[in-house]
Amino acid sequence: MFVEGGCFCGSIRYKLESNDYPSANCHCSICRRTSGAAFVSWVRVPNDCFEYISGEPKKIESSSHGARYFCQECGTHIACILEEDPKNINITICSLDKPEDFKPKADIYVDDMLSWIKKWNIKFNGKEFLLSCDDGQEENLKKLASHLDEKYNKLKKNLGNLGENKLLLITAIQIVDD
């Protein structure tokens, strides 16, 4: 079974064998600069499982160790081949016809991640939430989560189990009133 993708204007089309390939959001500065985006989501596919169906992408040497391929008509970034990994081609997940089927499994070059992309795990009501905040506000976010959890548990103890949504609403109202 094959999965297809291509550029925005349709000049370039490709296919790859359906499989559970490694994938990641790359936060390196080269990905940011070449895409004009905060990060690029890639899926790594063995060369023998990938084929261009129509059109040929334009190649640009983006660094001393890699080349990128894009549509010269519409500019869509399609692929990257790294010198240290010549048996694989990295395909931009969002150039796939169904990118939702290839959720990135990791984040790489996180030291280069823009501060407004960083997310923090907090626990509230026994569940984990992934939130973002401004630089230097991580501790305040953790304190807020702890305060919310404390209020919620106190309400649950005093009011009984009214249902999670009602207790969350009352907790939020109390926090605003504080």
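Basis of the calculations
- Residues numbered from 1 in each chain as written.
- Predicted model: local features only at pLDDT ≥ 70, side-chain atom pairs only at ≥ 80, totals over all residues.
- Heavy atoms only, no water.
- 1 Å grid on protein atoms, 1.4 Å probe; cavity = no way out; pocket = protein on both sides within 12 Å on 5 of 7 lines; lining within 4 Å.
- Points joined across faces, edges and corners; volume = space filled by probe spheres on them.
- Helix = DSSP H or I, 4+ residues; strand = E, 2+ residues; numbered from the N terminus.
- Core = buried A, V, L, I, M, F, W, Y, C linked by side-chain atoms within 4.5 Å.
- Buried < 20%, exposed > 50% of the residue type's maximum accessible area, 1.4 Å probe, protein only.
- Contact = heavy atoms within 4.5 Å.
- Expected span 1.5 Å × (residues − 1).
- Arc of directions from axis to C-beta.

**Q** When you look at empty space enclosed by the protein in this model, what are you seeing that I'm missing?
**A** In total, this model carries one cavity of 30 Å³ or more according to the counting rule given. What the largest cavity holds in volume is close to 30 Å³. Thr34, Ser35, Val40, Trp42, Arg68, His77 and Thr92 together form the lining of the largest cavity. For the lining of the largest cavity, the secondary-structure elements that each account for two or more residues are helix H1 (29-35) and strand S4 (40-46).

**Q** I'm lost on the nonpolar core in this one. Help?
**A** Side chains of a nonpolar character, in soluble globular proteins, are inclined to be buried together. Of all hydrophobic cores here, the largest spans 20 residues; its most connected members are Leu16, Val43, Val45, Ile91, Leu96 and Phe102. Every element with two or more residues in this core is listed here: strand S2 (13-17), S4, strand S7 (66-70), strand S8 (77-82) and strand S9 (88-92). The contact partners of Val43, leaving out residues within four places of it in the chain, are Tyr21, Pro22, Ser23, Ile89, Asn90, Ile91, Ile93, Leu96 and Phe102. Core analysis: the next-biggest nonpolar cluster, separate from the first, contains six residues, Cys26, Cys28, Trp42 and Cys80 among them.

**Q** Hey, could you run me through helix H2 (residues 138-159) in this one?
**A** A turn of α-helix holds 3.6 residues, and therefore any two residues three or four places apart point the same way. Helix length check: H2, at 22 residues, gives a terminal C-alpha distance of 31 Å against a target of 32 Å (1.5 Å per residue), a fit within 8%. Among all positions of H2, only Leu141, Ala145, Lys151, Tyr152 and Leu155 are buried. Around the axis of H2, the buried residues are gathered within 130 degrees of arc, so they sit on the same side. Of the exposed residues in H2, the ones pointing more than 90 degrees away from its buried face are Lys143, Glu150, Lys154, Lys157 and Asn158. Gly160 lies just past H2 and shows a positive phi near 80 degrees.

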